[in-house]
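# Coordinates in review
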Amino acid sequence: MKRLRPHQRHDGVVVVGAGLAGLTAALASSPAKVLVLTGAPLNQGCSSAWAQGGLAAALADDDGPELHAADTVAAGAGLVDADMALLLASEGPAAVRALADLGAPFDRAADGGFAQSLEAAHSRARVARVKGDQAGREIMNAVTVAAMAARHIEVRTNARLQALLQDAEGRVRGVIAEIAGEPTEIVARAVVLATGGIGGLYAETTTPAELVGDGLGLAAMAGALIGDPEFVQFHPTAIDIGRDPAPLATEALRGEGAVLVNAAGERFMGRYHEKAELAPRDVVARAIHAERTAGRGAFLDAREAVGAHFPEEFPGVFAACLGGGIDPRTQAIPVAPACHYHMGGIVTDADGRTSLEGLFAAGECASTGVHGANRLASNSLLEAAVFGARAGRAAAAQADAGSHPQRGTVPPTLPPEALQQLRKLMSQHAGVVRDAQGLANLLAVIQAMEAAHGRSAALVAARLVVACALARTESRGGHFRADGEAGSEPRRTFVRLADVDAPAGALRFAAE
Ligand code: SIN
């Protein structure tokens, strides 16, 4: 006999995910009640806490939101929604000040203003940082303390999202979550997905490996519109010391003057781009990939630029290097590209509303249109803060549909061995350099895995990335096709699961 799931009614908003977007949404929902569901203990298992750079925001006198938005648009290779980018940049300074007010100890200049770092493709030094490379951890500490103190927020850890509950009209009415091992139906007024990215679908990633695109996959299975899933950002300088996930060597090191060299000690970036080490992130990732593939190796040499100052200026990178037997004061750091950020996601408007009534999304799992084909460095924590707050406010204002949830099927989970196989193949064929043959083969593997293990949310997320990468025959931003055709008119991808639900060769895409 089928066991009935425990059933709860929550008189407010359910937020899934406790990274910066999730907790910001929860805080902004006040006075509505919020239930936050998170698999890991607070401040663990989320990419936000691992961020090193900081928040990009036009805080300096020689900067402004228009300039920040223009850099964001330029980095995004033709696919950024310019209005959304301007909104993000305009709300950036207030978002940084709000985090500082919560207690995030941003580094300060001599005049008391925010100290700001230069990162690639920014025309100003505009990244507000914390203790060198500790932005993510310190900001999340402050936000976590605030969320725990907030009376309207209840947090359930050890809670894993399994499905979205929908009514007969497809409205999202809540979630099914495994809470302390028990599948539980929770009916709520609104659901905010802040489930992070898809780094765990790749063998080399800088994000927590448990992030396998569950939110994206489940939203797609519920019928939500998905945007730009083929665009995955590979950070050029993951530290290559055999760790999974790989620790990051922040881009701010190159902003400080660290250089990229191959095993022969030759600086190679000049061969790839006029801006050398400060070229856009996708260009640097491909250059490092090319040097490594050619057997020349790639290393980040910060001995002159940082040297003895490593322990106080970049304590996180320093500790990670020492843990791998590298002393970055005296040795160059071995680096390799690794999956770092998903530009694509669940399509939302400026207030986090998805195409499904009752469902909101914020942070990396959302597609607001601000990142286009290539996210500008340090725009991700900013996006989480700005759009997390907007989504929280909108979700709190959502009227209860009052209808009965009818649908909510829990999909299977991909077995660990199959996930490991998928991760390797994703890195190989849907990674820094892609081609039609590799992507088609990978899609066939995903198809076979679905047949063998059932359709899991992770396989759906992988299918979205791979099918849309196959369909986009040009190279653009983070999506590089070795067999790429000449770029055409810039066109975003908007798909539903049904559009990619066919073997390679029979894919059809709806224009939205
Ligand atoms: C970094 O510090 O290099 C990462 C910043 C980002 O991903 O935006």
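Structure report, in brief. (Residues numbered from 1 in each chain as written. Predicted model: local features only at pLDDT ≥ 70, side-chain atom pairs only at ≥ 80, totals over all residues. Heavy atoms only, no water.)

Next up on the list: the overall build of the chain. Per the secondary structure count, the chain includes 13 helices and 20 strands. Expected size for 512 residues packed as a compact globule is a radius of gyration near 24 Å; at 22 Å, the chain falls within 12% of this value. Summarising its shape, the C-alpha atoms of the chain cover approximately 65 × 55 × 45 Å along the three principal directions. The buried share of the chain, reckoned over its 512 residues, is 60%. Here the analysis covers contacts within the chain between residues at least 6 apart in sequence; of these, 71% occur between residues at least 24 apart. Per element, the accessible surface of the chain, about 18,900 Å² overall, is 51% carbon and sulfur. Here the chain holds 46 positive side-chain charges and 56 negative ones, and the gap between their average locations is 4 Å. (Helix = DSSP H or I, 4+ residues; strand = E, 2+ residues; numbered from the N terminus. Rg over C-alpha atoms; globule rule 2.2 N^0.38 Å. Buried < 20%, exposed > 50% of the residue type's maximum accessible area, 1.4 Å probe, protein only. Contact = heavy atoms within 4.5 Å. Areas by Shrake-Rupley, 256 points an atom, 1.4 Å probe, with all protein chains shown as cover. Lys, Arg positive; Asp, Glu negative; His and termini not counted. Charge placed at Lys NZ, Arg CZ, Asp CG, Glu CD.)

Core analysis: the largest hydrophobic core is formed by 65 residues, its most contacted members being Val175, Leu193, Leu201, Tyr202 and Leu422. Apart from residues lying up to four places away in sequence, Val175 is in contact with Val14, Val16, Leu37, Leu161, Ala163, Leu164, Leu165, Thr184, Glu185, Ile186 and Val191. In this structure, Val15, Ala57, Val130 and Ile153 belong to the second largest nonpolar core, which totals 51 residues. (Core = buried A, V, L, I, M, F, W, Y, C linked by side-chain atoms within 4.5 Å.)

Moving on, we come to unusual backbone geometry. Residue Pro31 follows Ser30 across a cis peptide bond; omega there is 10 degrees. Tracing the chain through its elements places Pro31 in the loop between helix H1 (20-28) and strand E3 (33-37). With an omega dihedral of -5 degrees, the bond running from Asp244 to Pro245 counts as a cis peptide bond. Mapped onto the fold, Pro245 is located in the loop between strand E13 (232-239) and helix H6 (252-255). Within the chain, Ala77 stands out as a residue other than glycine whose phi angle is a positive 55 degrees. In this structure, Ala77 sits in the loop between helix H2 (65-75) and helix H3 (82-102). Phi angles above zero are rare outside glycine, and Asp228 is one such case at about 50 degrees. Here Asp228 shows up in the loop between strand E12 (226-227) and E13.

Once that is clear, we can look at the site of the ligand. Taken together, Gln52, Gly53, His235, Thr250, Glu251, Arg281, His340, Arg375, Ala377 and Ser378 make up the full set of residues near the ligand. The contact in question runs from an oxygen atom of the ligand to an N or O atom on the side chain of Thr250, over 2.6 Å. A distance of 2.6 Å separates an oxygen atom of the ligand from a polar atom in the side chain of His340. In isolation the ligand exposes 260 Å². Once the protein is present, 95% of that is buried. Of the residues in the shell around the ligand, the class split is 1 nonpolar, 6 polar and 3 charged. (Near = heavy atom within 4 Å. Polar contact = N/O pair within 3.5 Å; in protein donor to acceptor, adjacent residues only side chain to side chain. Nonpolar A, V, L, I, M, F, W, Y, C, P; charged D, E, K, R; others polar.)

In this section: the packing of aromatic side chains. Working definition: an aromatic ring pair is given by the centre-to-centre distance plus the angle between the planes. Going through the model one piece at a time under the given rule, you end up with 5 aromatic pairs. Seen in terms of ring centroids, Phe268 and Tyr272 are 6.2 Å apart; in terms of plane orientation they differ by 85 degrees. Their pairing is edge-to-face. Ring geometry for Phe310 against Phe318: centres 6.3 Å apart, planes inclined by 25 degrees, an arrangement best described as stacked. By way of ring pairs, the aromatic residues Phe310, Phe314 and Phe318 are connected into one cluster. Of note, Arg108 hangs over the ring of Phe114, and the distance from its end group to the ring centre comes to 4.1 Å. Of note, Arg375 hangs over the ring of Tyr341, and the distance from its end group to the ring centre comes to 4.2 Å. (Phe/Tyr/Trp six-rings, centres within 6.5 Å; stacked < 30°, edge-to-face > 60°. Lys NZ or Arg CZ within 6 Å of the ring centre and 35° of its normal.)

For the rest of this paragraph, the subject is helix H5 (residues 214-221). A large share of H5 lies buried, amounting to 6 of its 8 residues. Residues of H5 that are buried: Gly215, Leu216, Gly217, Leu218, Ala219 and Ala220.

So, about the pairing of strand E2 (residues 12-16). Along any regular strand, the residues point their side chains to alternate faces of the sheet. Burial runs high along E2: 5 of the 5 residues are buried. Read as a crossover between parallel neighbours, the route from E2 over H1 to E3 is right-handed. In this structure, E2 lies alongside strand E11 (residues 190-193), joined through 4 bridges in parallel fashion. Across the sheet, residue Val15 finds its bridge partner in E11, namely Val192. (Right-handed = clockwise from strand over helix to strand, strands pointing away. Pairing = 2+ DSSP bridges.)

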